Amino acid sequence: MIPAAAPAPSVRRLLLQRRIRWIVAATITYNVLEAVIALAAGRAASSSALIGFGLDSIVEVLSAAAVAWQFAGPDPHRREKVALKVIAISFFGLAAFVTVDALRSLLGAADPDHSPVGIALAAVSVVIMPVLSWFERRTGRELGSASAIADSKQTLICSYLSAAVLLGLVANSLLGWAWADAVAALVIAVFALREGLEAWRGDACKQPVSALVGESEGGESCC
């Protein structure tokens, strides 16, 4: 019995591109809602951590929008480098803002109040964001898209920031440790800077497209 032929690589590639668009749309939608809630809760509680969290969500929307723009065209590969530059800039912006905001908190410029809404939002984000990041990274690797992989790292960093904000808000509410999230944020800022440099150089994906999508043709780089 002759085995059924495998789907043409081009068909699989179109499916993966469509999946990337859906993931990016879900990421943008969630981050817009997250930004609105975090900024409102941060203003109500005078919490620089929550305000920074909301602004970080806007940065994540910018990164996801860059990938959405790339895959909206007929030939996403041609837009890869531009999308990577936008993602890198969003990483740098995130690192700069988180650093400044963390230093302000450590120097006593912010004294946030208890925020149940902020705690609930950060807890939900800790669950949702890693799932979106994993799904996009897995799809991006199979597709051979450096920008999708870089955007998935951006989403993962946002989940780390969510965890830091959650710990900071809980520690502030229970123990009065207003500095806790600021220290964690500085660690995240260093990681964001490193990922931004990788995206700028196009190092988010080092494997050839043929290895990623299972083709036998030669070693075209995905970046």
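So, a few notes on the structure that sits alongside this text. Keep in mind that what you see is a predicted model, and the values were worked out from it rather than measured.

## Points about a nonpolar patch on the surface
- On the surface, Leu 103, Leu 106, Leu 107, Val 170, Leu 174, Leu 175, Trp 177, Trp 179 and Val 183 cluster together to form a nonpolar patch covering roughly 930 Å² of accessible area.
- Contributing elements (two or more residues each) for the nonpolar patch: α3 (80-106) and α5 (146-175).

## Points about the packing of aromatic side chains
- For the structure on display, the rule yields two aromatic pairs.
- Between Phe 92 and Trp 200, the aromatic rings sit 6.5 Å apart at their centres with planes inclined by 45°, giving tilted as the arrangement. Highlighted residues: Phe 92 in helix α3 and Trp 200 in helix α6 (residues 180-201), separated in sequence by 108 residues.
- You can call Phe 92 partly exposed: its relative accessible area is 26%.
- Note on Trp 200: relative accessible area 42%, which makes it partly exposed.
- On the numbers, 6.3 Å between centres and 20° between planes, the contact of Trp 134 with Phe 135 is stacked.
- Taking relative accessible area as the criterion, Trp 134 reaches 51% and is therefore assigned exposed.
- The residue whose ring lies beneath Lys 85 is Trp 200, and the NZ or CZ to ring-centre distance is 4.1 Å.

The rules behind each value
Residues numbered from 1 in each chain as written. Predicted model: local features only at pLDDT ≥ 70, side-chain atom pairs only at ≥ 80, totals over all residues. Heavy atoms only, no water. Patch = residues over 30% accessible without salt bridge, like charges linked within 9 Å, V, L, I, M, F, W, Y side chains within 5 Å. Areas by Shrake-Rupley, 256 points an atom, 1.4 Å probe, with all protein chains shown as cover. Salt bridge = Lys/Arg side-chain N within 4 Å of Asp/Glu carboxyl O. Helix = DSSP H or I, 4+ residues; strand = E, 2+ residues; numbered from the N terminus. Phe/Tyr/Trp six-rings, centres within 6.5 Å; stacked < 30°, edge-to-face > 60°. Buried < 20%, exposed > 50% of the residue type's maximum accessible area, 1.4 Å probe, protein only. Lys NZ or Arg CZ within 6 Å of the ring centre and 35° of its normal.

Shape descriptors only; they carry no functional weight alone.
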